[in-house]
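Structural features, examined
Here is how the chains run, residue by residue.
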Amino acid sequence: KCKQGGCLMLSVKISLNSIDKVKSFVNDISGAEFDLVSGRYVIDAKSIMGIFSLDISKPIDLNIHAENGTEDIMAAIKPYLANNIALQSVKEDVP
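Please read all numbers here as calculations on a predicted model, not as lab measurements.

Before going further, it helps to spend a moment on the packing of aromatic side chains. According to the stated counting rule, one finds one aromatic pair in the structure shown. Between Phe25 and Tyr80, the aromatic rings sit 5.3 Å apart at their centres with planes inclined by 80°, giving edge-to-face as the arrangement. One end of the pair, Phe25, is in helix H1 (residues 19–28); the other, Tyr80, is in the loop between helix H3 (71–77) and strand E5 (81–92), and 55 residues separate them in sequence. Residue Tyr80 is classed as buried on the basis of its relative accessible area, which comes to 4%.

Laid out in structure tokens, this is it:
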């Protein structure tokens, strides 16, 4: 989780519509906290089993919680972005 001083939360839509894409996505993400959100379900994005519990035939929201800039993270997830559109970027203050 983010330390004192706040962190950045970025939300993007990703497409993980094949088994190979899921495997490579889990191997590619690191350096931040990632959650996948589908409806009312929130899954740890580093969990292959969790991802397969979702409907991967549709784009899924990926929430990224990072303390630093997101350039490296965005480069790593670029192949998985659906429509290459970021939904929102919010700075969170952590007490």
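Next up on the list: the pattern of salt bridges. Scanning the model with the defined rule gives two salt bridges in all. In this structure, Lys13 and Asp61 form a salt bridge, with 2.8 Å as the shortest nitrogen-oxygen distance. On the criterion of sequence distance, the pair formed by Lys13 in strand E1 (residues 7–14) and Asp61 in strand E4 (residues 60–66) is long-range, its members being 48 residues apart. Given a relative accessible area of 31%, Lys13 falls into the partly exposed group. Overall, the relative accessible area of 19% leaves Asp61 in the buried class.

Relative to the helices and strands, Phe34 is located in strand E2 (residues 33–38). The exposure class of Phe34 is buried, given its relative accessible area of 3%. A sequence separation of 25 residues divides Phe34 from Met9, and the C-alpha atoms of the two residues are 9.7 Å apart. Not counting residues within four places of it along the chain, the set of residues in contact with Phe34 comprises Ile29, Ile43, Asp44, Ala45, Lys46, Leu62, Asn63, Ile64 and Ile73.

In the case of a regular strand, side chains alternate between the two sheet surfaces. When you tally the buried positions in E1, you get six out of eight residues, the bulk of the element. In the sheet, E1 pairs with E4 via seven bridges, with the strands oriented antiparallel. Its bridge partner lying in E4, Ile14 is registered against Ile60.

With respect to the element layout, Ser11 can be found in strand E1. Here the side chain of Ser11 touches Asn63 through a polar contact of 3.0 Å, side chain to side chain.

The next point concerns the nonpolar core. Core analysis: the biggest nonpolar cluster contains 24 residues, and Ile14, Phe25, Leu36, Leu62, Ile64 and Ile77 have the highest contact counts within it. Counting residues per element, the ones that place at least two in this core are E1, H1, E2, E4 and H3. It is E4 that contributes the most residues to this core, four residues altogether.

Calculation rules
- Residues numbered from 1 in each chain as written.
- Predicted model: local features only at pLDDT ≥ 70, side-chain atom pairs only at ≥ 80, totals over all residues.
- Heavy atoms only, no water.
- Phe/Tyr/Trp six-rings, centres within 6.5 Å; stacked < 30°, edge-to-face > 60°.
- Helix = DSSP H or I, 4+ residues; strand = E, 2+ residues; numbered from the N terminus.
- Buried < 20%, exposed > 50% of the residue type's maximum accessible area, 1.4 Å probe, protein only.
- Salt bridge = Lys/Arg side-chain N within 4 Å of Asp/Glu carboxyl O.
- Contact = heavy atoms within 4.5 Å.
- Pairing = 2+ DSSP bridges.
- Polar contact = N/O pair within 3.5 Å; in protein donor to acceptor, adjacent residues only side chain to side chain.
- Core = buried A, V, L, I, M, F, W, Y, C linked by side-chain atoms within 4.5 Å.

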